[in-house]
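Breakdown of the fold
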Amino acid sequence: MEYSLVCHSLYALWSSPVKKKLILLSIMFLVWVYMLYSCVGYCSTMPSLVVDGYRGKETGSAVARRTESSRTDLVSRLLAKPQPWEDIESDYEEPSIRTAASRDLLDNELEADRADDWDEMRAEQQQQRAPEPSAMSSFSNGSGSKKLPQAIIIGVKKGGTRALLEFLRVHPDIRAVGAEPHFFDRNYENGLDWYRELMPKTLEGQITMEKTPSYFVTREAPARISAMSRDTKLIVVVRDPVTRAISDYTQTLSKKPDIPSFESLTFKNRTTGLIDTSWSAIQIGIYAKHLDNWLQYFPMGQILFVSGERLITDPAGELGRVQDFLGLKRIITDKHFYFNQTKGFPCLKKAEGSSKPHCLGKTKGRTHPNIDPEVVQRLRDFYRPFNMKFYQMTGHNFGWD
């Protein structure tokens, strides 16, 4: 009797045209709200859109002021007189203030860095299809929260940092912002809340990461990162400093073809063979000097050094070390890579959020100009004592000599 009454009531409710429309509209509204929430949750995990959104909020004059301020700060840091190293015997001289032409070169290098940052992001967006997550995974992403990074790739420029970051993003427990935030060197005045908003949302157990290679050579960066969190894990990708310097020059040359030759920038005096250490391409490769600054704020056990050479020849092996360092399960293995003969470095069989193979963009793997072998040998002689010091400090021989 009760069952028939219930059925009769439902039939009467459904048979009414007005009530039927109200029920259908209610269902459609609930579905629409759910889909909107899922979309918002997914979009919030797209790092490049977050960065672009912040840039879009700034007025043209604000961007211009910030750019000019950042350029001035970077020039002053690069031209700053480094601390003397009395325990290393070499013809290393403290850099002096360079001429106006040299300042123009530093500006060119900064512009090349920025252009490459966004070239990388555009290439990444073009090569990767937009992910097609399920409704539940989108809902899950939307329920995460933005956190300050627990791990940062701090260097070095032209060492292989972009490759390392792209490889790490395959790991399900790593979420990383794509564009370089440059918070601890160019945007520190914006505050930690601004920095946090650039980060992707993460779930419990996931690690938030970012990479900005210029941190390693920024004098203020160690203290600033330590002030954020003394537990931050730091990753440095290092590469033969001579090859790195040539690669650095090649990047600037690709954007500014009229810059002086590599040889003329390398020497203060070609006849005496005195190296010009005020040129940033040379100064960055004195790894031991920069590391000494970081060790004043972080213990060696909190810094992992990744070989840029081994990242090419054995990417899975280096990624295994990184995953161990971060306390993560070794999920990224040999099966994730294939070697691209044309580019000359490994590529991902399947990139993050894509079912297609993914190689780094055209800004990577540029052909280096021919450099006089005598210049290359002179640079190797110059870097040798610094490399030996670096090997001693890290407990690892990278085999550059």
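One can find the structure itself at the top, above this paragraph.
Fair warning: this is a prediction, and the values are worked out from it, not measured in the lab. (Residues numbered from 1 in each chain as written. Predicted model: local features only at pLDDT ≥ 70, side-chain atom pairs only at ≥ 80, totals over all residues. Heavy atoms only, no water.)

1. Some words on the packing of helix H10 (residues 241-255) against helix H16 (residues 373-394)
H16 packs onto H10 with a crossing angle of 125° between their chain directions and a minimal axis gap of 9 Å. Compared by their axis directions, H10 and H16 come out oblique. Judged by residue contacts, Pro241, Val242, Thr243 and Ile246 of H10 engage Val376, Leu379, Arg380, Tyr383 and Asn387 from H16. Taken together, the residues of the contact of H10 with H16 sort by class into six nonpolar, two polar and one charged. (Axes fitted to C-alpha atoms, helices over the stretch in contact; angles between N-to-C directions. Helix = DSSP H or I, 4+ residues; strand = E, 2+ residues; numbered from the N terminus. Parallel < 35°, antiparallel > 145°, perpendicular 65-115°, else oblique. Contact = heavy atoms within 4.5 Å. Nonpolar A, V, L, I, M, F, W, Y, C, P; charged D, E, K, R; others polar.)

2. As for helix H7 (residues 161-168)
The buried fraction of H7 is high, at eight of eight residues. Listed in full, the buried residues belonging to H7 are Thr161, Arg162, Ala163, Leu164, Leu165, Glu166, Phe167 and Leu168. (Buried < 20%, exposed > 50% of the residue type's maximum accessible area, 1.4 Å probe, protein only.)

3. Focus: unusual backbone geometry
Val156 follows Gly155 through a cis peptide bond whose omega is -5°. Mapped onto the elements of the fold, Val156 is located in the loop between strand E2 (151-155) and H7. Of note, the phi angle at Lys158 is positive, near 60°, even though the residue is not glycine. Tracing the backbone shows Lys158 in the loop between E2 and H7. On the accessibility criterion, Lys158 (13% relative accessible area) is buried.

4. A closer look at the nonpolar core
One recurring pattern in soluble globular proteins: nonpolar side chains tend to sit buried together. Within the largest apolar cluster, 32 residues are counted, with the highest numbers of intra-cluster contacts made by Ile154, Phe184, Tyr195, Tyr215, Ile225, Trp294 and Phe390. Looking at this core, the elements with two or more residues in it are E2, helix H8 (192-198), helix H9 (221-228), strand E6 (233-238), helix H13 (287-294), strand E9 (303-307) and H16. Element by element, the count of residues in this core is highest for H13, at four residues. Ignoring sequence-local partners within four residues, the contact set of Tyr215 consists of Ile152, Ile154, Pro181, His182, Phe183, Phe184, Asp185, Glu210, Ala221, Ile225 and Trp294. Counting 28 residues, the second largest nonpolar core, distinct from the first, contains Ala163, Ala176, Leu319 and Ile332. (Core = buried A, V, L, I, M, F, W, Y, C linked by side-chain atoms within 4.5 Å.)

5. Considering H16
Between its first and last C-alpha, H16 extends 29 Å over 22 residues, near the 32 Å set by a 1.5 Å rise per residue. Remark: the principal bend of H16, roughly 40°, maps to Arg384, with a proline, Pro385, within the next four residues. Where H16 begins, one side-chain oxygen reaches toward the backbone nitrogen of Glu374, 2.9 Å away; that side chain belongs to Asp372. Of the residues one or two after H16, Gly395 is the one with positive phi, at around 75°. (Expected span 1.5 Å × (residues − 1). Bend = angle between axes of the 7 residues up to and from the residue. Polar contact = N/O pair within 3.5 Å; in protein donor to acceptor, adjacent residues only side chain to side chain.)

6. Things to note about the side chain of Ser214
Examined against the element boundaries, Ser214 turns out to sit in the loop between strand E5 (207-211) and H9. Every residue in contact with Ser214, bar those within four places of it in the chain, is listed here: Ile154, His182 and Asp185.

7. A short note on the sheet that holds strand E3 (residues 174-176)
Across the sheet, which stays open at both edges, the five strands sit in the order E3-E5-E2-E6-E9 with parallel pairing between neighbours. The open sheet terminates on both sides in strands that have one partner only, identified here as E3 and E9. With strand direction ignored, the average angle separating the axes of adjacent strands in the sheet is 25°. As paired elements, E6 and E9 share five bridges and run parallel to each other. Its bridge partner being in E9, Val236 is matched across the sheet by Phe305. Contacts from H7 reach E2, E3, E5, E6 and E9 within the one sheet, and its direction differs from that of E2 by about 160°. The sheet strands contacting helix H15 (residues 315-325) are E6 and E9, and the helix crosses E9 at an angle near 170°. (Pairing = 2+ DSSP bridges.)

8. Here's the deal with the packing of aromatic side chains
For the structure shown, the criterion picks out 22 aromatic pairs. Geometrically, the ring pair formed by Tyr287 and Phe390 is tilted, given 5.5 Å between the ring centres and 55° between the ring planes. Highlighted residues: Tyr287 in helix H13 and Phe390 in helix H16, separated in sequence by 103 residues. Across the pair, exposure class does not vary: Tyr287 and Phe390 are buried alike. Taking the centre distance of 5.8 Å and the plane angle of 50° together, the rings of Tyr391 and Trp400 count as tilted. Accessibility assignment for this pair places Tyr391 and Trp400 in one class, buried. One aromatic cluster in this structure is built from Phe183, Phe184, Tyr188, Trp194, Tyr195 and Tyr215. Over the ring of Phe325 we find Lys233, and its NZ or CZ is 5.5 Å from the ring centre. (Phe/Tyr/Trp six-rings, centres within 6.5 Å; stacked < 30°, edge-to-face > 60°. Lys NZ or Arg CZ within 6 Å of the ring centre and 35° of its normal.)

9. Observations regarding the state of the cysteines
Put plainly, two cysteines are in a disulfide when a covalent bond ties their sulfur atoms together. A full pass over the atoms with the stated rule returns one disulfide. Note that Cys347 is cross-linked by a disulfide to Cys359, the S-S spacing being 1.7 Å. The chirality of the disulfide connecting Cys347 with Cys359 is right-handed, given an S-S dihedral of about 105°. Taken as a pair, Cys347 in strand E11 (residues 345-348) and Cys359 in the loop between E11 and H16 lie far apart in primary sequence, twelve residues in all. Of the residues examined, Cys347 reaches a relative accessible area of 1% and is grouped as buried. We classify Cys359 as buried; its relative accessible area is 9%. (Disulfide = S-S within 2.5 Å.)

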